[in-house]
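Next come the chains, spelled out residue by residue.
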Amino acid sequence: MIFHKQTINYSKLILLALSLISIVSCQNEASNFNTDVAVNVSVQEVKRKPIEQTLITTGSIKPELDANLKTELAAHYYLQKNPRTGKLFKMGDHVKKNELVILLKDQEYTNNANLPGAELDMEISQMEYEKQQALYEKGGVTKRELVNSEKTLLTSKQTYENAELSIEKLSIRAPFAGVITDLPYFSPGIRVDNGEAVLSMMNYSTMMMDLSMPENLLGQVETNQQANIMNYALPNDTLKGRITELSPAIDTEARTFKGRMKVNNRDELLKPGMFVKAEIVVDQRDSALVIPKDVVLTEGNRKVVFIAKNSAAQKRYIRTGIETLTEVEVLEGIKPDERLIIKGFETLKDRSKVKVVK
């Protein structure tokens, strides 16, 4: 009887052991199944490209050249024709440097200037001086007589130049090549007073932008640094600018310092007074390994990305350089043409199985 009970006990132990082995086996199979499931990911080959690190500031933009012209005497007003259109000048017209836009007329003023008489006096004085010079070389006149003749010539030249300057006040000319921005209307022949505003113009092919930047940027911003200029009205156009001036003084209340930037506006896309954003380039690389910034994970103080290789994910610790809002330069950790995982990386571990999908 005792032997029979022991046989039954052994049978129960064997069945229990087999059950435990079966359970462990199933757990192992489930575990193996989990580790063998591939995660769907998207990849991007790592390539070299330019990258810039920028500081952003905003401000209003103004023309480099700006003029408001007024009359220097009371006279009759006559607007001139634009030779390129055959019509009277108007706002928005382009003008060349020294081009006559408005002609003023006043006969009394012209008579008093006496430009023809001054020119004739200068010619007579020139002939008299040349005559005295020839006689002096032959001993026919004294040195004093020659010097007096030269003095008369110089005086007559100055009188003629002053007459020219007086007559030139009747001509309102463009001081530089640019665009007419304001042209107060006066009827032809109407008399305008001295000091009357008659012409405003700008040249905004080159623009200026005054900057006010926080003092912590003082060591990062330098003259001749390049900048990208943007305006919300020009979403597809980025213009180039360059810092030309920087103040070393800090505003003690605002904790800012001043600067000035010159902007190339050759196509006149920007208009005077526009509010623009300037991205000042403080560092740049012409050829760098650049990856999307949002694929970089952190482990403590280290930065991590995942590379797809042989159907598995490889964890890579990287060292970064220049950063923009959307991209980052990689200095160490990955190589050109490696396949960077850009989607599905959030739950990956080193050596996780992956399946590359579009």
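Bear in mind that the values here come from a model prediction, so they are computed numbers and not experimental data.

Colleague: So what's going on with the overall build of the protein? Residues and values would help.
Modeller: Looking only at helices and strands, one finds 4 helices and 19 strands in the protein. Within the span of the protein, comprising 358 residues, buried residues form 31% of the whole.

Colleague: Could you give an account of the pairing of strand 16 (residues 312-323), with specific residues and numbers?
Modeller: As judged from the 7 bridges shared by strand 15 (residues 302-309) and strand 16, these two strands associate in the antiparallel manner. The partner of Val304 across the bridge, within strand 16, is Tyr317. Count of turn residues in the strand 15/strand 16 antiparallel hairpin: 2 residues, of which Asn310 carries a positive phi of about 55 degrees. Alignment of strand 16 against strand 17 (residues 327-332), held across 3 bridges, turns out to be antiparallel. Counted as the bridge partner of Thr320 is Val330 from strand 17.

Colleague: Explain the pattern of salt bridges to me, and be specific about the residues and the numbers.
Modeller: For the structure on display, the rule yields 21 salt bridges. Across the salt bridge formed by Glu338 and Arg316, the nearest N and O atoms sit 2.8 Å from each other. Taken as a pair, Glu338 in the loop between strand 17 and strand 18 (339-343) and Arg316 in strand 16 lie far apart in primary sequence, 22 residues in all. One exposure class covers both Glu338 and Arg316, and it is buried. One salt bridge connects Glu332 with Arg319, and the closest N-O pair in it is separated by 3.3 Å.

Reading the values: the criteria
- All residue numbers refer to positions counted from 1 along the written sequence of the respective chain.
- Local features are withheld for residues below a pLDDT of 70 in this predicted model, meaning they are given only at 70 or higher, and side-chain atom pairs are given and counted only at 80 or more; totals for whole chains, interfaces and linings count all residues.
- The basis for every side-chain value is the complete set of non-hydrogen atoms in the structure, without hydrogens or water.
- Secondary structure elements are defined from DSSP: runs of H or I of at least 4 residues count as helices, runs of E of at least 2 residues count as strands, and each element is numbered from the N terminus.
- Exposed residues in this analysis have more than 50% of their type's maximum accessible area, buried residues have under 20%, and partly exposed residues fall in between, with area computed by a 1.4 Å probe over protein chains only.
- For two strands to be treated as a pair, DSSP must find no fewer than two bridges joining them.
- Salt bridges are defined by distance alone: a side-chain nitrogen of Lys or Arg within 4 Å of a carboxyl oxygen of Asp or Glu.

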